[in-house]
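Descriptive structure summary
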Amino acid sequence: MCSLEKRGRLFILKLTGDGEHRLNPTLLDSLRSTINQIRSDQSSSQSVLITTSDGKFFSNGYDLALAETNPSLSVLMDSKLRSLVADLISLPMPTIAAVTGHASAAGCILAMSHDYVLMRRDRGFLYMSELDIELKVPAWFMALIRVKIGSPAARRDVMLTAAKVTADVGVKMGIVDSAYGSAAETVEAAVKLGEEIIQRGGDGHVYGMMRETLLREVLVHTIGEDESGSSVVRNTGSKL
């Protein structure tokens, strides 16, 4: 599942265990509950969130095996992830993803839903796998990709060649803010960045409202639309 550590004014949310951290309804509910817990903390508007993970994966996307047992779970998982992304966008604090393993499809979307993406260079990649498995990308994924990846060439490579983007390549593409030699160094750098952001000061509520305006296109899709999940869940994740 996930754990939460409060270190001063840093909130460190970790996807725990050595599995693939597949985004099934239980994990998505746990993540949303943790985000709501952070939001309700009295210090939230002067804090920073860091999201990271144990093991080989940051997240390998939706839980495909579970979705195969009940097609209605496709719609449910997509709805829950859209709500989680909306929660992150409206959270009254800066957010940092410390990506210490593979982040595939919906897992890649989760990582890119943060304000900063820090990544280890010795293992893992960002991977939108949909083209490789011949399935359509949900419109709300595309909305996030458009606002998070500024270069048309980088968007082409990520979405239309299904590039497996390593940390150093991600930095060149403008997707990843900085790359580090190991998982520990990546988390340490995220903590250092979080502390620097806190020292700069500022009102998290104002920050959150500015982020909502900046990412309005994503919010229109995450809150305002209901996409069919029949091709949403099957198109996420990768076999590594």
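All values derive from a computational prediction rather than experimental measurement. (Residues numbered from 1 in each chain as written. Predicted model: local features only at pLDDT ≥ 70, side-chain atom pairs only at ≥ 80, totals over all residues. Heavy atoms only, no water.)

1. Description of the layout of surface pockets
Its boundaries defined by the atoms lining it, the largest pocket holds a volume of some 300 Å³. For the largest pocket, the lining is made up of 15 residues, of which His114, Asp115, Tyr116, Lys148 and Leu214 are closest to its centre. Elements supplying a minimum of two residues to the lining of the largest pocket: β7 (116-120), α5 (139-148) and α9 (204-214). Sort the elements by how many residues they give to the lining of the largest pocket and α9 lands first, with 3 residues. For the lining of the largest pocket, the class distribution of residues is 9 nonpolar, 2 polar and 4 charged. (1 Å grid on protein atoms, 1.4 Å probe; cavity = no way out; pocket = protein on both sides within 12 Å on 5 of 7 lines; lining within 4 Å. Points joined across faces, edges and corners; volume = space filled by probe spheres on them. Helix = DSSP H or I, 4+ residues; strand = E, 2+ residues; numbered from the N terminus. Nonpolar A, V, L, I, M, F, W, Y, C, P; charged D, E, K, R; others polar.)

2. Considerations on empty space enclosed by the protein
One pass over the full model with this rule turns up 2 cavities of 30 Å³ or more. For the largest cavity, the calculated volume is near 50 Å³. Around the largest cavity sit Leu13, Leu31, Ile35, Thr51, Leu84, Leu88, Leu110 and His114, which together line it. Of all elements in the fold, only α1 (25-40) and α3 (72-90) reach the threshold of two or more residues within the lining of the largest cavity. Around the second largest cavity, the lining residues are Cys108, Met112, Leu126, Tyr127, Met128, Val158, Val165 and Ile175. Mapped by element, the contributors of at least two residues to the lining of the second largest cavity are α4 (106-112) and β8 (126-127). Broken down by class, the residue content of the lining of the second largest cavity amounts to 8 nonpolar, no polar and no charged.

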